[in-house]
Amino acid sequence: MSLCSSAIEKSCSTKTYEDVKDYYGKQLGNTKDLKTSACAAPSKPLPTHLKDALDNIHEDISSRYYGCGLSVPESLENCIMLDLGSGSGRDCYMLSKLVGQKGHVTGIDMTDEQLELSRQYIDFHTEKFGFQQPNVEFIKGYIEDLKAANIKDNRYDVIISNCVINLSPDKKAVLREAYRVLKDGGEIYFSDMYINKALPAELKENKLLWGEGIGGALTWKELFHIAAEIGFCTPRLVTARYITVNEELKNIVGDRKFVSATFRLFKVPQDAVKVKSQAVYNGGITGYEDKLEFDANFTFKVGEAVEVDQELGRILKRSRFADKFSLQEAEKMPCSESSHPIKETIGDPFEFAEAESNGAQSSCSGDNFEGGRCS
Ligand SMILES: C[S@@+](CC[C@H](N)C(=O)[O-])C[C@H]1O[C@@H](n2cnc3c(N)ncnc32)[C@H](O)[C@@H]1O
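Bear in mind that the values here come from a model prediction, so they are computed numbers and not experimental data.

How each quantity is defined
- Residues numbered from 1 in each chain as written.
- Predicted model: local features only at pLDDT ≥ 70, side-chain atom pairs only at ≥ 80, totals over all residues.
- Heavy atoms only, no water.
- Helix = DSSP H or I, 4+ residues; strand = E, 2+ residues; numbered from the N terminus.
- Buried < 20%, exposed > 50% of the residue type's maximum accessible area, 1.4 Å probe, protein only.
- Contact = heavy atoms within 4.5 Å.
- Areas by Shrake-Rupley, 256 points an atom, 1.4 Å probe, with all protein chains shown as cover.
- Phe/Tyr/Trp six-rings, centres within 6.5 Å; stacked < 30°, edge-to-face > 60°.
- Lys NZ or Arg CZ within 6 Å of the ring centre and 35° of its normal.
- Expected span 1.5 Å × (residues − 1).
- Pairing = 2+ DSSP bridges.
- Axes fitted to C-alpha atoms, helices over the stretch in contact; angles between N-to-C directions.
- Near = heavy atom within 4 Å.
- Polar contact = N/O pair within 3.5 Å; in protein donor to acceptor, adjacent residues only side chain to side chain.
- Nonpolar A, V, L, I, M, F, W, Y, C, P; charged D, E, K, R; others polar.
- Salt bridge = Lys/Arg side-chain N within 4 Å of Asp/Glu carboxyl O.

1. What about the overall build of the protein chain?
Along the protein chain, the regular secondary structure elements total 15 helices and 14 strands. Counting the 375 residues in the protein chain, one finds 57% classified as buried. Considering only contacts in the protein chain between residues 6 or more positions apart, those separated by 24 or more positions represent 81%. Total accessible area on the protein chain stands at roughly 16,300 Å², and carbon and sulfur atoms take up 47% of it.

2. Topic: the packing of aromatic side chains
Inspection of every chain in the model, using the stated rule, returns 17 aromatic pairs. Centroid distance tyrosine 194 to phenylalanine 263: 5.6 Å. Interplanar angle 80°. Geometry classified as edge-to-face. Separated by 69 residues along the polypeptide, tyrosine 194 in strand β6 (residues 182-195) and phenylalanine 263 in strand β9 (residues 258-266) bring together distant segments of the chain. Using a relative accessible area of 1% as the deciding quantity, one classes tyrosine 194 as buried. Of the aromatic side chains, those joined through ring pairs into one cluster are Phe266, Tyr281, Phe294, Phe298, Phe300, Phe321 and Phe325. The ring of tyrosine 156 has arginine 155 sitting right over it, with the charged end atom 5.3 Å from the ring centre. The side chain of lysine 267 reaches across the aromatic face of tyrosine 179, ending 4.9 Å from its centre.

3. A word on helix α2 (residues 14-27)
Taking 1.5 Å per residue as the helical rise, α2 with its 14 residues ought to reach 20 Å, and the 18 Å between its terminal C-alpha atoms agrees with that figure. Looking only at α2, the buried set comprises Thr16, Tyr17, Asp19, Val20, Lys21, Asp22, Tyr23, Tyr24 and Gly25.

4. Re the sheet that holds strand β3 (residues 104-109)
Taken in spatial order, the seven strands make up an open sheet running β4-β3-β2-β5-β6-β9-β7, and their pairing is mixed. Looking at strand neighbours, the two that pair on one side only are β4 (136-140) and β7 (236-242), the edges of this open sheet. Along the sheet, successive strands turn relative to each other by an average axial angle of 15°, direction set aside. With nine bridges connecting them, β6 and β9 associate as antiparallel partners. Residue pairing in the sheet places methionine 193 in a bridge with serine 260 of β9. Contacting β3 and β4, helix α6 (residues 112-120) crosses the sheet at an angle of about 165° to β4. Packing against the sheet, helix α15 (residues 349-359) makes contact with β6, β7 and β9, and its axis sits at approximately 55° to β7.

5. Quick look at the sheet that holds strand β13 (residues 305-308)
Taking strand neighbours across the sheet as the criterion, the three strands line up as β13-β10-β14 in an open arrangement whose pairing is antiparallel. Where the open sheet ends on each side, the last strands, each with one partner, are β13 and β14 (325-329). In this sheet, neighbouring strand axes are inclined to one another by 30° on average, regardless of whether the strands run parallel or antiparallel. Seen against the sheet, helix α13 (residues 310-318) touches β10 (277-281), β13 and β14 and runs at an angle of roughly 135° to β14.

6. Some thoughts on the site of the ligand
With respect to spatial proximity, 21 residues lie near the ligand, and among them Tyr66, Gly85, Asp109, Thr111 and Glu144 are the closest. Side-chain polar atom of threonine 111 to an oxygen atom of the ligand: 2.5 Å apart, as the coordinates give it. The backbone of asparagine 162 places a nitrogen or oxygen atom 3.1 Å from a nitrogen atom of the ligand. Its free accessible area being 590 Å², the ligand has 99% of it covered by the protein chains. Sorting elements by how many residues they give to the shell around the ligand places α2 first, with three residues. Across the shell around the ligand, the residue classes tally to eleven nonpolar, eight polar and two charged.

7. Structural notes on unusual backbone geometry
For asparagine 150, which is not a glycine, the phi torsion comes out positive at approximately 65°. Position of asparagine 150 relative to the elements: it lies in the loop between β4 and β5 (156-162). Residue asparagine 150 is classed as exposed on the basis of its relative accessible area, which comes to 62%. The phi angle at asparagine 154 is positive, at roughly 50°, despite the residue not being glycine. The topology assignment puts asparagine 154 in the loop between β4 and β5.

8. Structural notes on the side chain of serine 86
In this structure, serine 86 sits in the loop between β2 (80-84) and α5 (90-99). Once residues within four sequence positions are removed from consideration, serine 86 is found in contact with Cys92, Gly107, Ile108, Asp109 and Phe138.

9. Brief notes about α13
Looking only at α13, the buried set comprises Glu311, Leu312, Gly313, Arg314, Ile315 and Leu316. In this structure, the buried side of α13 is in contact with β7, β9, β10, β12 (299-301), β13 and β14. One side-chain oxygen at the N-terminal end of α13 lies 3.1 Å from the backbone nitrogen of glutamate 311; it belongs to aspartate 309.

10. Brief notes about the pattern of salt bridges
Tallied over the entire structure, the rule returns 20 salt bridges. Of the charged contacts, one joins glutamate 229 and lysine 172 as a salt bridge, the two residues approaching to 2.6 Å between their closest N and O atoms. Of the two residues, glutamate 229 is situated in helix α11 (residues 220-230) and lysine 172 in helix α8 (residues 171-181); the sequence distance between them amounts to 57 residues. By relative accessible area, which is 45% here, glutamate 229 ends up partly exposed. Its relative accessible area of 30% is what places lysine 172 among the partly exposed residues. The residue glutamate 247 makes a salt bridge to lysine 250 at a minimum N-O spacing of 3.6 Å. With glutamate 247 and lysine 250 both in helix α12 (residues 247-253), this residue pair falls three residues apart, about one helical turn.

Structure below.
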């Protein structure tokens, strides 16, 4: 493959791609070499089914995890999935277990060293999970041009990405391609870093800042703007936490703040008529038998009616969650149940991270920085 695949060749920043490949292919040896850390204590424990999957991943793979969040949504059995920037393959192997033998996971990455490492452990994990044949593959390609990697339209149920899109010089192309290859009703669920105020152009040229994911970090409003332009539903914030940077980086970025945030973006066709709905979670999702924390704003307890905004109603009706929910449109509800306004929702990950860090004891600061990322 050429340096930048043909369709993006003209627009791509060759040096940026080469720098990132060098950083992840040659400079970093393992997770501890990172100079940024999403290490504020996670607000909730990992669900058992995810912990079990993670515990089964080979140490050579998990020790080279460079993600910045937990990019694993719910209800993945039998899903066809794509991981943008799969790195050592930790998340792909975790997903391989969760989708099961009838599902499939493709990891795509542009860095040879990462691909080589991830491919070495396919047989190990196939056996570990008790599968008859592998359900995971790793392919080479650029996430800005999935077509060049032969990825067809409407192929995937779910796409994930963990700390990769912030490394791309063309985020709009990445999300446009994600939209193209998602089935109707599909979603991209991804963790990335965001900045509170944009960096000046000259700092974006800094190789170390870009490689760590903060040189190319968007503001959250930029993400919302791009998502709307492409046609995704409004990004739904799942969680966020502050990123700590080491002294070297702090001297460069000054008082700017960074968060790692997870958003979910759905590709759901618009309904002609928009109505508020009441949604009742019927249970049945592995690991979330009693309640489902769908995002930062909506938690569904089994059997309890929750009033949802029009867009969330559409998502629940048209995505893989459809058979897990009963929905009643507001017009059909008795007035007393439909008259109160829907609650305010939060989309700003800094506001969320601030509230979380006030509620929890932060486990690291600039003074006791230790490289590495929480799951
Ligand atoms: C921060 S690491 C994250 C890896 C993995 N997601 C994880 O959680 O460990 C970024 C990865 O994305 C890959 N990458 C960065 N930009 C890319 C692009 N434009 N196309 C394909 N892969 C890319 C890098 O090669 C690297 O393996």
